[in-house]
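Below are the chains, spelled out letter by letter.
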Amino acid sequence: MRMAFKVLLTDYEFESLKYEEEIFMESGLDIEFVKVQCKTEEEVVEQAKKADAILNQYAPISRRVIDSLENTKVISRYGVGVNTIDLEAAKEKGITVANVPDYGMEEVSNHALALLLSWARKVTLLNNEVKKGNWDFKACVPIHRFNEQTVGVLGFGRIPRRFIEKVKPLGFKTAAYDPFVSAEEMASAGVKKMEFDEIIREADYLSVHVPLVKDTFHMLNKKRFSQMKKNAVIINTARGPIIDEKALIEALEKGKIAGAALDVTEEEPISMDSPLLNMDNVIITPHSAWYSEEAMIELRKKAAKNIVQVLKGEKTPYALI
């Protein structure tokens, strides 16, 4: 008789796991749901060895972890990014890796839009000035009309497409860089395709929406900042290490670019010693772009459903490999 499937939750930050438990209970499968709080590779190796499935948030699922797995059929990650998981190692071992790429599409695109508008109208800056006793519009000089400025996006997947749909009615010119999307496809969305060097030079606002992979690590660096307009602002709701933070700080201090609006940083939480925290031309939020109550529930249910589908011998639409 088949023993219960062991589903290991490597780590989590939710107050309860009722949504995951509900999905597993309704699946018709005999599932033993084991919840732990692994921080290190060693802890994951110890806990995951006999697991049939792994549900993952931040704990490292490295090659060493994957090589130690004896029964695992699927690894499902809460979120879009899968940089916690060694995809190549999982592929070699025939383990399905799945994510939830569409749960926060509205939330992240809305957050990027909020950061854009706050910078374009300098709302955060003016709020801080008024609270310091400075009732003077000149604190925000200069501000330009939206239709005189270009919003560029790096990446043209679900989230940046939705972001552009929200930006266009405001009057901004729009452009995108994505080597995997044709100019015709972008044109059908009313967006001009640019090469990387071109969008770096032309964008007044550059919104980052690429995944963190080997080729995008420090994609925005000292060289790229030197090529940007002096009035350019970088918006990042993707992953912190896409930007070389040391080079960003230098570019901001030397006036090579005008500002940044960041929901993610290289180190999270950001160090309280970071110069970014003392810059009036930087807005920082705590990796919260993904969040709404509805998005959080959708994320958790879909991540659990990925596991159920694979354990039933079905294909999940969110399988990466």
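What counts, and at which threshold
- Residues numbered from 1 in each chain as written.
- Predicted model: local features only at pLDDT ≥ 70, side-chain atom pairs only at ≥ 80, totals over all residues.
- Heavy atoms only, no water.
- Phe/Tyr/Trp six-rings, centres within 6.5 Å; stacked < 30°, edge-to-face > 60°.
- Helix = DSSP H or I, 4+ residues; strand = E, 2+ residues; numbered from the N terminus.
- Buried < 20%, exposed > 50% of the residue type's maximum accessible area, 1.4 Å probe, protein only.
- Axes fitted to C-alpha atoms, helices over the stretch in contact; angles between N-to-C directions.
- Left-handed = near helix turned anticlockwise from the far one by under 90°.
- Contact = heavy atoms within 4.5 Å.
- Nonpolar A, V, L, I, M, F, W, Y, C, P; charged D, E, K, R; others polar.
- UniProt positions renumbered as here; feature names shortened; annotations may be inferred.
- Parallel < 35°, antiparallel > 145°, perpendicular 65-115°, else oblique.
- Pairing = 2+ DSSP bridges.

### So, the packing of aromatic side chains
Centre distance and the angle of the planes are the two values used to describe a pair of aromatic rings.
Part 1 of the reasoning: Using the criterion set out here, one finds seven aromatic pairs in the structure.
Part 2 of the reasoning: Geometrically, the ring pair formed by F14 and Y78 is edge-to-face, given 5.2 Å between the ring centres and 80° between the ring planes. Placement of F14 in the loop between β1 (5–9) and α1 (18–26) and of Y78 in the loop between β4 (74–77) and α4 (87–92) is noted, with a sequence separation of 64 residues between them.
Part 3 of the reasoning: Its relative accessible area of 9% is what places F14 among the buried residues.
Part 4 of the reasoning: When the ring of Y103 is compared with that of W290, the centres are 6.5 Å apart and the planes differ by 50°; the resulting orientation is tilted. Placement of Y103 in the loop between β5 (96–98) and α5 (105–120) and of W290 in the loop between β12 (282–284) and α12 (293–311) is noted, with a sequence separation of 187 residues between them. By the burial criterion, Y103 is buried, and W290 matches it.

### Topic: the packing of α1 against α12
Part 1 of the reasoning: Two elements in contact, α1 and α12, have axes whose closest approach is 9 Å; the angle formed by their N-to-C orientations is 35°. Considering how the two elements wind past one another, α1 and α12 form a crossing that is right-handed. Seen from α1, the contacting residues are K18, Y19, E20, E22, I23 and F24; seen from α12, they are I297, R300, K301, A304, K305, I307 and V308.
Part 2 of the reasoning: Of the residues that constitute the contact of α1 with α12, the class distribution is seven nonpolar, no polar and six charged.

### Focus on the UniProt feature "domain: D-isomer specific 2-hydroxyacid dehydrogenase catalytic" (unreviewed entry) in the protein
Part 1 of the reasoning: Cross-referencing UniProt, the feature "domain: D-isomer specific 2-hydroxyacid dehydrogenase catalytic" (unreviewed entry) maps to residues 17–319 in the present numbering.
Part 2 of the reasoning: Span residues 17–319 is 37% helix and 14% strand, its end C-alpha atoms 23 Å apart.

### Thoughts on the packing of α5 against helix α7 (residues 158–167)
Part 1 of the reasoning: Two numbers describe how α5 lies on α7: the axes approach to 8 Å, and their chain directions differ by 50°. Taken together, α5 and α7 sit at an angle that is classed as oblique. Seen from above, α5 lies across α7 with right-handed handedness. When α5 is examined against α7, the residues M105, E106, V108, S109, N110, A112, L113 and L116 are found in contact with a partner set consisting of R158, I159, R162, F163, K166 and V167.

### Brief notes about the sheet that holds strand β10 (residues 233–236)
Each strand in a sheet pairs with its neighbour through backbone hydrogen bonds, running either in the same direction (parallel) or in the opposite one (antiparallel).
Part 1 of the reasoning: A sheet is described by the order of its strands in space; here seven strands give the open sequence β8-β7-β6-β9-β10-β11-β12, paired in parallel fashion. Strand pairing shows two members of the sheet lacking a second neighbour, β8 (192–193) and β12, which therefore form its edges.
Part 2 of the reasoning: Taken strand by strand, α7 contacts β6 (150–154), β7 (173–177) and β9 (205–208), and its axis lies near 170° from that of β6.
Part 3 of the reasoning: Its contacts with the sheet put helix α11 (residues 245–253) on β10, β11 (259–262) and β12, and the angle it makes with β11 is roughly 140°.

### Notes on the sheet that holds β5
Part 1 of the reasoning: Spatial strand order, β2-β1-β3-β4-β5: five strands in an open sheet with parallel pairing. Edge positions in the sheet fall to β2 (31–35) and β5, since each has one partner strand and no second. When strand polarity is set aside, the average angle formed by the axes of neighbouring strands in this sheet is 15°.
Part 2 of the reasoning: Strand direction decides the pairing type here: β4 and β5, joined by three bridges, are parallel. Opposite S76, over in β5, you have A98 as the bridge partner.

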